[in-house]
Amino acid sequence: MAREDKILTPVRAIAPILLLISLLACSVYLFGSDSSYGANQIALLLSAGFVGLVAMGAGWSWKEVEQGILQGIRLCLGPLLILMSVGMLIGSWILAGVIPAIIYYGVDILSPSMFYAATAVLCAITAVSIGSSWTVAGTIGIGMMAIAASFGLSPGITAGAIISGAYLGDKLSPLSDTTNLASGIAGVDLFAHIRHLLWTTVPSFVLALIALSLFGGGSVSSPQQIAELRYSLGQQFNIGPYLFLPLFIMLFLSYRKVSALASIMISALVGILFALVFQAPATLALADQADIPRAMQLMQGVWISLFNGYTANSGNEFMDQLLSKGGLISMLNTCALIICAMAFGGAIEKVGILEYLVGAALKRVHSTGGLVTATVGTCVASNVVTSDQFIAITVPGRMFRSEFQRRGLSPLNLSRTLEDSATLTSALVPWNTCGAYMAATLGVSTFSYAPFAFFNYLCPLIAILYGYWHIAQKPLEAPLPEPV
């Protein structure tokens, strides 16, 4: 059956979205913060099945919908491998003393009163240098979360600060895949795109830093508690500045454009080497078989850290809770959430529901502000229903490209709006690949950190205001090249 014979009606297009929203709302109501541990997965799978039923009524076959589901899942295989590798990285870096060293020196250097703003700036500088929000969260972000816990500061606000800074770099860095994708989809020069991004990025980040500074209310932990923590870390691990070398290697690999998966796996292996060389007692303590040769005990210890994470038994309850984490197994539930989300997203994309809804929305757009709002809304909706920021950039980018041209607006306005919305809001959706990754890596639920990821929702709002106020809306100067 030809595509034109497959007819979507408004009811058929909206029904799967409404069902998903309803089921997810019920999931959160019934299970609260535990909803991501199975309940959300069920909601997404049931909604994907319902898309199939709707599609069959519109002329698609179940096999076609199933192909869309499988294609959606294939798109997330790379992020899934990265996520599992990050679990291994966390376990090996704690065992190697890298994370303990970051905590040990960090609590002595950083000021609790300005900790949140300093965290955002540090993550932003690093992310601009390497172009990866995921790498920043999986390295510096983990250390900052641990330092925040040592100070007794809010994990939700800290995670929000990390994500604000990390996504500034993901948005502005010429090394970022989303930055290159957005400029390519819109057909504009990469560096012209980055310069145009500054109009919304700079005021949004300044406002985010002001907001984060207002939360810097000092440390809950007393100086004595901090001293006890540093003493316990020194007793449990051999602490020294040389333990920062795996972090520098990780950042160097990212800067040299080595793939994220390769960088993380190499860094995990470096962590294992450091554990064997500098933390042999801790590695032996992690092994649970004392009647095997020492070499095999060491192997078992590092192996356990990779698949089951590090388990601290120092006698210091707070430190044990702080460091007992990581491992591939800790990421499997998040992997299941991503697979189920991408199944729904693949079905939606195959049937063309999002495309249909955007077409209907464009008929009601009568101004530049309305066009920018429609673009932002479509990108946010794409992050929600397709669960992938790359789809949220690509699909709306192609669909709105001709509309920006028809209204005499430069494609730079489109590429900027794609980044302001699709890139930044991906981390605010719990079942999106980015939101699930950030929650699993930082150990804080998306609902806990989202209110404090100020930069990520200020940017889309400022983009909309610019559209209605006609600020930084560059006019079209020449015909558009063909999209990439």
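These lines cover the structure that appears in this document, whether it is placed above or below. (Residues numbered from 1 in each chain as written. Predicted model: local features only at pLDDT ≥ 70, side-chain atom pairs only at ≥ 80, totals over all residues. Heavy atoms only, no water.)

Concerning the overall build of the chain
Part 1: When its secondary structure is counted, the chain shows 24 helices and 0 strands.
Part 2: Relative to a compact globule of 484 residues, whose C-alpha radius of gyration would be 23 Å, the chain shows 23 Å and is just as compact.
Part 3: Counting the 484 residues in the chain, one finds 56% classified as buried.
Part 4: A separation threshold of at least 6 residues defines the contact pool for the chain, and within that pool the share at least 24 residues apart is 79%.
Part 5: Split by element, the accessible area of the chain, about 19500 Å² in all, is 67% carbon and sulfur.
Part 6: Of the charged side chains in the chain, 21 are positive and 22 negative; the average position of the first set lies 10 Å away from that of the second. (Helix = DSSP H or I, 4+ residues; strand = E, 2+ residues; numbered from the N terminus. Rg over C-alpha atoms; globule rule 2.2 N^0.38 Å. Buried < 20%, exposed > 50% of the residue type's maximum accessible area, 1.4 Å probe, protein only. Contact = heavy atoms within 4.5 Å. Areas by Shrake-Rupley, 256 points an atom, 1.4 Å probe, with all protein chains shown as cover. Lys, Arg positive; Asp, Glu negative; His and termini not counted. Charge placed at Lys NZ, Arg CZ, Asp CG, Glu CD.)

Thoughts on the packing of aromatic side chains
Part 1: Evaluation of the coordinates by the stated rule reveals 13 aromatic pairs.
Part 2: On the numbers, 4.0 Å between centres and 10° between planes, the contact of W134 with Y437 is stacked. On the criterion of sequence distance, the pair formed by W134 in helix 7 (residues 133–151) and Y437 in helix 22 (residues 433–442) is long-range, its members being 303 residues apart.
Part 3: Judged by relative accessible area, which is 13%, W134 ranks as buried.
Part 4: Residue Y437 is classed as buried on the basis of its relative accessible area, which comes to 0%.
Part 5: When the centroid spacing of 5.5 Å and the interplanar angle of 90° are considered together, the rings of F215 and F452 count as edge-to-face. Of the two residues, F215 sits in the loop between helix 10 (190–214) and helix 11 (223–236) while F452 sits in the loop between helix 23 (446–449) and helix 24 (454–469), which places them 237 residues apart along the sequence.
Part 6: When the ring centre of Y104 is taken as origin, the NZ or CZ atom of R230, which lies over that ring, is 4.0 Å away. (Phe/Tyr/Trp six-rings, centres within 6.5 Å; stacked < 30°, edge-to-face > 60°. Lys NZ or Arg CZ within 6 Å of the ring centre and 35° of its normal.)

Quick word on the state of the cysteines
Part 1: In the structure shown here, the tally under the stated rule is 0 disulfides.
Part 2: Left without a disulfide partner, C26 is nearest to the cysteine sulfur of C340, which lies 18 Å away.
Part 3: Unpaired in terms of disulfides, C335 finds its nearest cysteine sulfur in C76, a separation of 8.5 Å.
Part 4: We classify C335 as buried; its relative accessible area is 7%. (Disulfide = S-S within 2.5 Å.)

What about a nonpolar patch on the surface?
Part 1: A surface patch of nonpolar side chains, about 640 Å² in accessible area, is lined by L198, V202, V206, L207, I210, L214 and F215.
Part 2: Turning to its location among the elements, L207 is positioned in helix 10.
Part 3: For L207, a relative accessible area of 42% corresponds to the partly exposed category. (Patch = residues over 30% accessible without salt bridge, like charges linked within 9 Å, V, L, I, M, F, W, Y side chains within 5 Å. Salt bridge = Lys/Arg side-chain N within 4 Å of Asp/Glu carboxyl O.)

Here we look at helix 13 (residues 260–278)
Part 1: Along its 19 residues, helix 13 runs 26 Å from first to last C-alpha, staying within 8% of the 27 Å computed at 1.5 Å per residue.
Part 2: Listing the buried residues of helix 13 in full gives S263, I264, S267, A268, V270, G271, I272, F274 and A275. (Expected span 1.5 Å × (residues − 1).)

A word on the environment of A312
Part 1: Mapped onto the fold, A312 is located in the loop between helix 15 (294–307) and helix 16 (317–323).
Part 2: Its relative accessible area of 4% is what places A312 among the buried residues.
Part 3: A C-alpha to C-alpha distance of 6.2 Å links A312 and L323, two positions 11 residues apart in sequence.
Part 4: Dropping the residues within four chain positions of it, A312 is found in contact with M319, D320, L323 and S324.

Quick look at the pattern of salt bridges
Once the charged atoms of two side chains with opposite charge are near each other, the side chains can pair.
Part 1: Counted by the stated rule, this structure contains 3 salt bridges.
Part 2: In this structure, the salt-bridge partner of E403 is R406, at a minimum N-O distance of 2.7 Å. Placement of the pair is E403 and R406 together in helix 20 (residues 389–406), with a separation of 3 residues, close to one helical turn.
Part 3: Judged by its relative accessible area of 59%, R406 is exposed.
Part 4: A network of salt bridges, in which partner residues are shared, links E403, R406 and R407.

Overview of the nonpolar core
Part 1: Counting residues in hydrophobic clusters, the biggest one holds 145 residues, and the most contacted among them are I103, Y310, L323, F344 and M438.
Part 2: In this structure, I103 is in contact with A146, I147, S150, L229, L233, L322 and L323, ignoring residues within four places of it in sequence. (Core = buried A, V, L, I, M, F, W, Y, C linked by side-chain atoms within 4.5 Å.)

Looking at helix 19 (residues 368–386)
Part 1: With 19 residues, helix 19 should reach 27 Å at 1.5 Å per residue; the first-to-last C-alpha distance of 26 Å fits that figure.
Part 2: Counted residue by residue, helix 19 has 14 buried out of 19 residues, so it is predominantly covered.
Part 3: Phi turns positive, to about 65°, at S387, one or two residues after helix 19.

With respect to the packing of helix 9 (residues 177–186) against helix 10
Part 1: At their nearest, the axes of helix 9 and helix 10 sit 9 Å apart, and the two run at 105° to each other. Between helix 9 and helix 10, the interaxial angle falls into the category roughly perpendicular. Between helix 9, through T179, N180, A182 and S183, and helix 10, the contact on the second element is made entirely by L190, H193 and I194.
Part 2: Of the residues that constitute the contact of helix 9 with helix 10, the class distribution is 3 nonpolar, 4 polar and no charged. (Axes fitted to C-alpha atoms, helices over the stretch in contact; angles between N-to-C directions. Parallel < 35°, antiparallel > 145°, perpendicular 65-115°, else oblique. Nonpolar A, V, L, I, M, F, W, Y, C, P; charged D, E, K, R; others polar.)

Examining the packing of helix 8 (residues 155–172) against helix 10
Part 1: Interhelical geometry of helix 8 versus helix 10 gives an angle of 165° and a closest axis separation of 10 Å. The angle between the axes of helix 8 and helix 10 places the two elements in the roughly antiparallel class. Relative to helix 10, the crossing made by helix 8 is left-handed. In this structure, helix 8 contributes I157, A161, S164, G165, L168, K171 and L172 to the contact, and helix 10 contributes I194, L197, L198, T200, T201, F205 and L212.
Part 2: A class-by-class count of the residues in the contact of helix 8 with helix 10 yields 9 nonpolar, 4 polar and 1 charged. (Left-handed = near helix turned anticlockwise from the far one by under 90°.)

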